[in-house]
Amino acid sequence: MGGVTMANAATSNNAGSNAGNGERPINLYEKHEWKHPTVVAGVPWKNPVGTASGTFQYAAVRWFYDVSQLGAVSTKGVSPVPWEGNPGVRTAEGPASNVNAVGLQNPGVDHYLVDDLPKLKEAGATVVSNVAGHSDDDYAEVVAKLADSPADMLEINVSCPNVSHGGMSVGADPVALSKLITRLRKLTDKPMIVKLTPNVTDITVPARAAVEAGADALSMINTIVGMRINTRTGKPIIDHVTGGVSGPAVLPIGLARVWQVRSALPEIPIIGIGGIDSGEKALEYLYAGANAVEVGAAALFNPTAPLRVARELDDLLDERPELAARLAEGRTWR
Ligand SMILES: Cc1cc2nc3c(=O)[nH]c(=O)nc-3n(C[C@H](O)[C@H](O)[C@H](O)COP(=O)(O)O)c2cc1C
């Protein structure tokens, strides 16, 4: 990983003021005039960097920095009723990876509609509402409730590895995925992103199934199935045994998946996710063919990470006018 670890990613981001491009410090708390916007499935983003679902405490963060500065905020997956998530130990952290089996804990869509979503919209954020379900009926109920909400985009999570029904089991089966997305398409006119799992042999198969069923955009990757062992007890650290791996270690995997899907589907908007903790790494995703990116685990260590990544990328794009011009028009490098 070129010496980049979760630990040093965290310590290098500790202040609101960071040496972004190595030449001058970035003050994350001052208002910034974004130079390089993008467009994802017709929705304008101020810059190409959003937050990845489940990794950003937006309700709290909005008190200490301006979340409307982000390209978009993808919120934690919401289900029809509150979910408690998985019991016991749910995370195992390493120097370059984070394994989690949170299990989509959330307060339910009704709470989301009166609390998180209005707070974020009041703060001026572009909101991507991430949708979770244990069954097709679950997804349909949430999408129907979000259809008339102020959410800017929906992101259908068919890729969580930590639930026994729904999640990855739907996203890895192109027939089940096609059936679900066809049903959801009829329930909303909002731009619908389908979030794909990397835990398949060929990601272009579910990608194509989602697009043919009506997805307006794809995001990838969700986490990769993994585990850690406690060598004192000889048992898995996480009670769920396996969890989803995220963080710097997954960057090359996310990049390859974006590259593969962009090669197979030249027109579909793609949001690249996985292992991004700098503007330089976000840029790699844009060159792989993404329209935008989302920052996940880096925000668990420091909630300012997505904004810092956005500011670094804004400067890096100054030197790449052709890429910047394409992004501004909703086109991509590849
Ligand atoms: C603690 C945690 C919770 C997550 N919750 C969700 C979720 O609710 N919905 C979803 O689509 N992805 C969820 N993810 C996956 C992330 O959004 C992202 O796809 C993944 O972590 C890879 O990006 P990263 O390496 O930047 O973290 C979660 C990830 C973590 C670490």
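Residues numbered from 1 in each chain as written. Predicted model: local features only at pLDDT ≥ 70, side-chain atom pairs only at ≥ 80, totals over all residues.

A. The site of the ligand, seen in detail. Around the ligand, the surrounding shell holds 25 residues, and the nearest of these are A52, G54, G77, S246 and G296. Of the residues that constitute the shell around the ligand, the class distribution is eight nonpolar, 15 polar and two charged. (Near = placed C-beta within 6 Å. Nonpolar A, V, L, I, M, F, W, Y, C, P; charged D, E, K, R; others polar.)

B. Focus on the UniProt feature "binding site: substrate" (unreviewed entry) in the chain. Per the UniProt record, "binding site: substrate" (unreviewed entry) is annotated on K76, N100, A101, V102, G103, L104, N157, N222 and T223. Positionally, K76 belongs in the loop between β6 (72-74) and β7 (91-93). Judged by the 22 C-beta atoms lying within 10 Å of it, K76 falls in the buried class. Leave out the neighbours within four places in its chain, and K76 touches S53, G54, N106 and N130. When you line up the elements, N100 lands in strand β8 (residues 98-100). The buried category is assigned to N100, around which 26 C-beta atoms lie within 10 Å. Here N100 is in contact with R90, T91, G243 and G244, once residues within four sequence places are set aside. (UniProt positions renumbered as here; feature names shortened; annotations may be inferred. Helix = DSSP H or I, 4+ residues; strand = E, 2+ residues; numbered from the N terminus. Buried ≥ 20, exposed ≤ 12 C-beta atoms within 10 Å, placed from the backbone. Contact = placed C-beta atoms within 7 Å.)

C. A look at unusual backbone geometry. Of note, the amide linkage connecting M220 to I221 takes the cis form, showing an omega dihedral of 10°. Structurally, I221 can be placed in the loop between β12 (217-220) and β13 (224-226). Positive phi, normally seen in glycine, also occurs at A41, with a value near 50°. Summarising the element assignment, A41 is placed in the loop between β3 (38-40) and β4 (43-45). Taking the C-beta count within 10 Å as the criterion, A41 has 20 such neighbours and is therefore assigned buried. The backbone of L104 shows a phi angle near 60°, a positive value even though the residue is not glycine. Here L104 shows up in the loop between β8 and α3 (109-114).

D. The arrangement of the UniProt feature "active site" (unreviewed entry) in the chain in detail. With numbering aligned to this structure, UniProt lists the feature "active site" (unreviewed entry) at C160. Structurally, the position occupied by C160 is in the loop between β10 (153-157) and α6 (168-171). Excluding residues that lie within four positions of it along the chain, C160 makes contacts with L104, A132, G167, M168 and N222.

E. Representation of the environment of A209 within the structure. With respect to the helices and strands, A209 occurs in helix α8 (residues 204-212). Take A209: there are 22 C-beta atoms within 10 Å of it, and that puts it in the buried class. A C-alpha to C-alpha distance of 22 Å links A209 and V225, two positions 16 residues apart in sequence. In contact with A209, other than residues within four places in its own chain, are P174, L177 and S178.

F. Seen up close, the sheet that holds β8. With antiparallel pairing, the four strands of this open sheet are ordered in space as β7-β8-β16-β13. Taken across any chain shown, the strands that pair with only one partner, and hence form the sheet edges, are β7 and β13. Taken over all neighbouring pairs, the strand axes of this sheet differ in orientation by 30° on average, direction set aside. Inspection of the sheet shows β7 paired to β8 by three bridges, in the antiparallel sense. Looking at the pairing, T91 lines up with N100 of β8. (Pairing = 2+ DSSP bridges. Axes fitted to C-alpha atoms, helices over the stretch in contact; angles between N-to-C directions.)

G. Structural context of the pairing of strand β16 (residues 243-246). With three bridges connecting them, β8 and β16 associate as antiparallel partners. Paired with N98 across the bridge in β16 is S246. Alignment of β13 against β16, held across three bridges, turns out to be antiparallel. Each bridged residue has a counterpart across the sheet, and for I224 the counterpart in β16 is V245.

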